[in-house]
Amino acid sequence: MGGSIFGSLFKVSTFGESHGPGLGVIIDGCPAGIFLNQQQIQLALNRRRPGNHGSLLNAAVTARTEADECEILSGVFEGKTTGTPIAILIRNTSQLSKDYEALRNVFRPGHGDYTYFKKYGHRDFRGGGRASGRETAARVAAGAVAQAYLTSVLGENFNSIAYTLKAAGISCTNIDLSVIEKNLMRAPDMEAAEAMKKNIEMLRKQGDSCGGIIECCVQGIPAGLGEPVFDKLDAELGKAMLSIGAVKGIEFGIGFACSDMLGSQMNDEIQSQGENCSFSTNHSGGILGGISNGDIIKFRLAVKPVPSIFKKQQTVKYNQGEYENMELEIEGRHDVCLCPRVVPVVEAMCYITFADFLLRQEVQKGVCFPR
């Protein structure tokens, strides 16, 4: 199956399905000598796990509980990467495939069922198979490896921080990054998080779902990272983020609001600051000409509502070469709002993307970052 590999030098290849024996990732291109152990990867996976963030299990996310215990199969020896491919396996332990038997030939609205069938003529109908959000566990594992490499080069000042900026119609207004992991929605506003949770609980009772907006800030990226013209930093970040199944849009910096601005309002004025430059504003989101400018890289993602809802919907069933109209009412275990669980995935894809760009930069003569 094409499309399962991301990256140019730091290559990440994920495998596995939602209801198969397991899933995992192979990372090719990670340099040798990077400190890495199973606990680092496990901590990242634990943040993504459903039910791991307090009583959120009863509000926003699926009731499917997976241990998500990772196994490092290769590429790490005595606590350091060896420079050879790193293989990580995560076994599935809580799949209830019988919940999907009734959907064997039914195309669920909002899912990839119909498009996968039209492309391949054969699909894994259990939980969406390869198109399931479960696949993102492998990305998070790879992200932990990429983070270890980036920290070894850029230092502790480098960090990627994502959070729920809006969900269930509620927006954060009093931004405090210190509270992101202290509330159920991973929002930087405790009051807004509580209002989100109440709306989500109401939607669960109604059998419906909701979307939201995730914002991400990447700190500690030096100026000069990016590969014009077709491999711009923002273009590759856009690809990375839009590859996450629930993400339907992305904007950098001031985003679409720039269409109503004047050039005199939009431009980030530049000042001298010793050996570098600084900017009076950050409307560009830390990227100019497809290359990082040394400022905080900031972007926002539109996350769609969960398509599996407990309401009757019109769809079709494929039966002996023909499509038949039918009414569908989905059962099983499903999220109401994906935002809290997408946050760690966004951070992971950031780490993977920047690890790839940093390796590209390091192999270019005369512009290598010091190791």
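Just so it is clear, the structure is predicted and the values come from calculations on it, not from any experiment.

The rules we used
- Residues numbered from 1 in each chain as written.
- Predicted model: local features only at pLDDT ≥ 70, side-chain atom pairs only at ≥ 80, totals over all residues.
- Heavy atoms only, no water.
- Helix = DSSP H or I, 4+ residues; strand = E, 2+ residues; numbered from the N terminus.
- Rg over C-alpha atoms; globule rule 2.2 N^0.38 Å.
- Buried < 20%, exposed > 50% of the residue type's maximum accessible area, 1.4 Å probe, protein only.
- Contact = heavy atoms within 4.5 Å.
- 1 Å grid on protein atoms, 1.4 Å probe; cavity = no way out; pocket = protein on both sides within 12 Å on 5 of 7 lines; lining within 4 Å.
- Points joined across faces, edges and corners; volume = space filled by probe spheres on them.
- Nonpolar A, V, L, I, M, F, W, Y, C, P; charged D, E, K, R; others polar.
- pLDDT = per-residue confidence, 0-100.
- Salt bridge = Lys/Arg side-chain N within 4 Å of Asp/Glu carboxyl O.
- Pairing = 2+ DSSP bridges.
- Axes fitted to C-alpha atoms, helices over the stretch in contact; angles between N-to-C directions.
- Core = buried A, V, L, I, M, F, W, Y, C linked by side-chain atoms within 4.5 Å.
- Expected span 1.5 Å × (residues − 1).
- Polar contact = N/O pair within 3.5 Å; in protein donor to acceptor, adjacent residues only side chain to side chain.

Section: the overall build of the protein
Then comes step 1: Check the secondary structure of the protein and you find seven helices and 19 strands.
Then comes step 2: For 371 residues, the compact-globule formula gives about 21 Å, and the C-alpha radius of gyration of the protein, at 21 Å, lands near that figure.
Then comes step 3: The buried share of the protein, reckoned over its 371 residues, is 49%.
Then comes step 4: A sequence separation of at least 24 residues applies to 70% of the contacts in the protein between residues at least 6 apart.

Here we look at the layout of surface pockets
Then comes step 1: Approximately 500 Å³ is the volume found for the second largest pocket.
Then comes step 2: In terms of lining, the second largest pocket is formed by 25 residues, of which the most central are Ala44, Ala144, Gln147, Asn159 and Tyr351.
Then comes step 3: Counting residues per element, the ones that place at least two in the lining of the second largest pocket are α1 (38–48), α3 (136–154), β9 (159–167) and α7 (339–362).
Then comes step 4: The element that contributes the greatest number of residues to the lining of the second largest pocket is α3, accounting for seven residues.
Then comes step 5: Here the lining of the second largest pocket is built from residues that sort into 14 nonpolar, eight polar and three charged.

Remarks on the confidence of the model for the protein
Then comes step 1: The predicted model of the protein has a mean per-residue pLDDT of 91, with 92% of residues at 70 or higher.
Then comes step 2: Confidence drops under a pLDDT of 50 for residues 53–58, and excluding neighbours within four residues, the segment shows 16 contacts in the predicted structure.
Then comes step 3: Overall, residues 367–371 carries pLDDT values under 50, and its contacts beyond four positions in sequence, including any with other chains, amount to 17 contacts.

Quick look at the pattern of salt bridges
Then comes step 1: The full count for this structure, using the stated rule, is 16 salt bridges.
Then comes step 2: Residue Lys197 pairs with Glu201 through a salt bridge whose shortest N-O separation is 2.6 Å. In this pair, Lys197 and Glu201 both sit in helix α4 (residues 190–206), four residues apart, roughly one turn of the helix.
Then comes step 3: Here Lys197 falls in the buried class, since its relative accessible area comes to 14%.

A closer look at the sheet that holds strand β18 (residues 313–319)
Hydrogen bonds between backbone atoms are what pair the strands of a sheet, whose relative direction is either parallel or antiparallel.
Then comes step 1: Pairing within the open sheet is antiparallel, and its three strands lie in the order β8-β18-β19. Edge positions in the sheet fall to β8 (106–107) and β19 (322–328), since each has one partner strand and no second.
Then comes step 2: Two strands pair when backbone bridges link them, and β18 and β19 are joined in this way by seven bridges, in the antiparallel orientation. The residue of β19 that forms the bridge with Val316 is Asn325.

Structural notes on the pairing of strand β7 (residues 86–91)
Then comes step 1: Burial within β7 is extensive, with five of its six residues counted as buried.
Then comes step 2: By the bridge criterion, six bridges tie strand β3 (residues 22–28) to β7 in an arrangement that is antiparallel. Within β7, the residue paired with Ile26 across the bridge is Ala87.
Then comes step 3: Alignment of strand β4 (residues 70–74) against β7, held across four bridges, turns out to be antiparallel. Across the sheet, residue Ser74 finds its bridge partner in β7, namely Ala87.

A look at the sheet that holds β3
Then comes step 1: The five strands are arranged β1-β2-β3-β7-β4 in an open sheet whose pairing can be described as antiparallel. Looking at strand neighbours, the two that pair on one side only are β1 (5–6) and β4, the edges of this open sheet.
Then comes step 2: Note: β1 against strand β2 (residues 11–16), two bridges, orientation antiparallel. Within β2, the position partnered with Phe6 by the bridge is Val12.
Then comes step 3: With respect to the sheet, α1 is in contact with β4 and β7, its orientation differing from that of β4 by roughly 140°.

Quick look at the nonpolar core
Then comes step 1: Judged by nonpolar contacts, the single largest core of 84 residues is most densely connected at Phe10, Ile27, Met241, Phe299, Val346 and Phe354.
Then comes step 2: Broken down by element, the residue count for this core peaks at 15 residues, all from α7.
Then comes step 3: With near-sequence residues (within four places) excluded, Ile27 lies in contact with Phe10, Lys11, Val12, Thr84, Pro85, Ile86, Ile88, Ala142 and Val145.
Then comes step 4: In this structure, Tyr100, Val106, Leu328 and Ile330 belong to the second largest nonpolar core, which totals six residues.

A few points about the environment of Tyr149
Then comes step 1: One can find Tyr149 in helix α3.
Then comes step 2: Residue Tyr149 is classed as buried on the basis of its relative accessible area, which comes to 0%.

Concerning α4
Then comes step 1: End to end, α4 covers 25 Å across 17 residues, agreeing with the expected 24 Å (1.5 Å per residue, within 8%).
Then comes step 2: Structurally, α4 contributes buried residues whose contacts are with β9 and β10 (170–171).
Then comes step 3: In this structure Asp189 caps α4, since a side-chain oxygen of it lies 3.1 Å from the backbone nitrogen of Glu191.
Then comes step 4: Gly207 occupies a position one or two residues after α4 and carries a positive phi of about 80°.

As for α3
Then comes step 1: Taking 1.5 Å per residue as the helical rise, α3 with its 19 residues ought to reach 27 Å, and the 26 Å between its terminal C-alpha atoms agrees with that figure.
Then comes step 2: Burial runs high along α3: 15 of the 19 residues are buried.
Then comes step 3: Gly155 occupies a position one or two residues after α3 and carries a positive phi of about 90°.

Some words on the environment of Tyr163
Then comes step 1: Structurally, Tyr163 can be placed in strand β9.
Then comes step 2: The class for Tyr163 is buried, based on a relative accessible area of 3%.
Then comes step 3: C-alpha separation for the pair Tyr163 and Ile214, spaced 51 residues apart in sequence, amounts to 5.6 Å.

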